[in-house]
Amino acid sequence: MINSNFNYKGFTFNIYLSYNYGGQKYNQTLVDKIENVDLLHSNADERVLTERWKQPGDIVSYKSLVKDGTTGLQQTNSTSRFVQDNNYLEASSITVGYSFPSNLAWVKKMHLSTPRLFITQTDVLRLATIKTERGTGYPFSRRFNFGLSTTF
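The present account deals with the structure reproduced in this document. (Residues numbered from 1 in each chain as written. Predicted model: local features only at pLDDT ≥ 70, side-chain atom pairs only at ≥ 80, totals over all residues. Heavy atoms only, no water.)

Quick notes on unusual backbone geometry
So, step 1. Despite not being glycine, Lys9 shows a phi value in the positive range, around 50°.
So, step 2. Looking at where Lys9 falls in the secondary structure, it is placed in the loop between strand 1 (2–8) and strand 2 (11–26).
So, step 3. Take Lys9: its relative accessible area is 67%, and that puts it in the exposed class.
So, step 4. Positive phi, close to 60°, is recorded for His111, a residue that is not glycine.
So, step 5. Inspection of the secondary structure assignment puts His111 in the loop between helix 3 (105–109) and strand 4 (113–128). (Helix = DSSP H or I, 4+ residues; strand = E, 2+ residues; numbered from the N terminus. Buried < 20%, exposed > 50% of the residue type's maximum accessible area, 1.4 Å probe, protein only.)

Examining the sheet that holds strand 4
Sheets are built from strands paired through backbone hydrogen bonds, the pairs being either parallel or antiparallel.
So, step 1. Read across the open sheet, the five strands follow the order 1-2-3-4-5; overall the sheet is antiparallel. Two strands lie at the open edges of the sheet, namely strand 1 and strand 5 (144–151), each paired on one side alone. Neighbour-to-neighbour, the strand axes of this sheet turn through a mean angle of 15°, independent of strand direction. (Pairing = 2+ DSSP bridges. Axes fitted to C-alpha atoms, helices over the stretch in contact; angles between N-to-C directions.)

Description of the environment of Gln75
So, step 1. In this structure, Gln75 sits in the loop between helix 2 (47–50) and strand 3 (83–99).
So, step 2. Along the chain, Gln75 and Asn36 lie 39 residues apart, while their C-alpha atoms are 5.9 Å from each other.
So, step 3. If we ignore the near neighbours within four places in the chain, the residues touching Gln75 are Asn36 and Lys63. (Contact = heavy atoms within 4.5 Å.)

With respect to the pattern of salt bridges
So, step 1. In total, this model carries two salt bridges according to the counting rule given.
So, step 2. The partner of Arg81 in a salt bridge is Glu35, and the shortest N-O contact between them spans 2.9 Å. With a gap of 46 residues between them, Arg81 in the loop between helix 2 and strand 3 and Glu35 in helix 1 (residues 28–35) connect regions that are remote in the sequence.
So, step 3. The buried category is assigned to Glu35, whose relative accessible area is 3%.
So, step 4. The shortest N-O distance in the salt bridge between Arg126 and Glu90 comes to 3.0 Å. Taken together, the residues Arg126 in strand 4 and Glu90 in strand 3 connect sequence positions 36 residues apart.
So, step 5. When its relative accessible area of 17% is taken as the criterion, Glu90 is described as buried. (Salt bridge = Lys/Arg side-chain N within 4 Å of Asp/Glu carboxyl O.)

Points about a nonpolar patch on the surface
So, step 1. A cluster of nonpolar side chains, namely Ile2, Tyr19, Tyr21, Leu89, Leu125 and Leu127, defines an oily patch on the protein surface of about 650 Å² accessible area.
So, step 2. Listed by contribution, the elements that provide at least two residues to the nonpolar patch are strand 2 and strand 4.
So, step 3. With respect to the helices and strands, Tyr21 occurs in strand 2. (Patch = residues over 30% accessible without salt bridge, like charges linked within 9 Å, V, L, I, M, F, W, Y side chains within 5 Å. Areas by Shrake-Rupley, 256 points an atom, 1.4 Å probe, with all protein chains shown as cover.)

Quick notes on helix 1
So, step 1. Taking burial as the measure, the eight residues of helix 1 include six buried ones, the bulk of the element.
So, step 2. Of all the residues in helix 1, the buried ones are Thr29, Leu30, Val31, Lys33, Ile34 and Glu35.
So, step 3. At the N-terminal end of helix 1, a side-chain oxygen is found 3.2 Å from the backbone nitrogen of Thr29, two or three residues along, and the residue is Asn27. (Polar contact = N/O pair within 3.5 Å; in protein donor to acceptor, adjacent residues only side chain to side chain.)

Below, the structure is given as structure tokens:
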């Protein structure tokens, strides 16, 4: 985890980064959305059409489809074919804010001390060596949070 905080003339910028280098992960997306896909009853990854076996001599990672849109074969069991290097850099949160000076008229009138306005975005960026789907079973969202904080 890497955390940076910059302040300049009342403005603040915070960023939270995390990374992984050298780990491995079983890529379930490859199994569910490419290798064992049933096009008649579920969504598929575009690699179903671009990276599957189609004709003799093809050297590819995924078995072929049959006419009805299924693999027509027994479902693929867990195998080390789908274990991949899991290197990533992720920006999990970025916050930009402004702290109002305490000598402003409206701040004095409301008897506030250090009022601050900020916006935070979560799940900003993910650069990874594994291409996985996010949010198909449970919605994936990038959230924005607005806030105002102060003391009296």
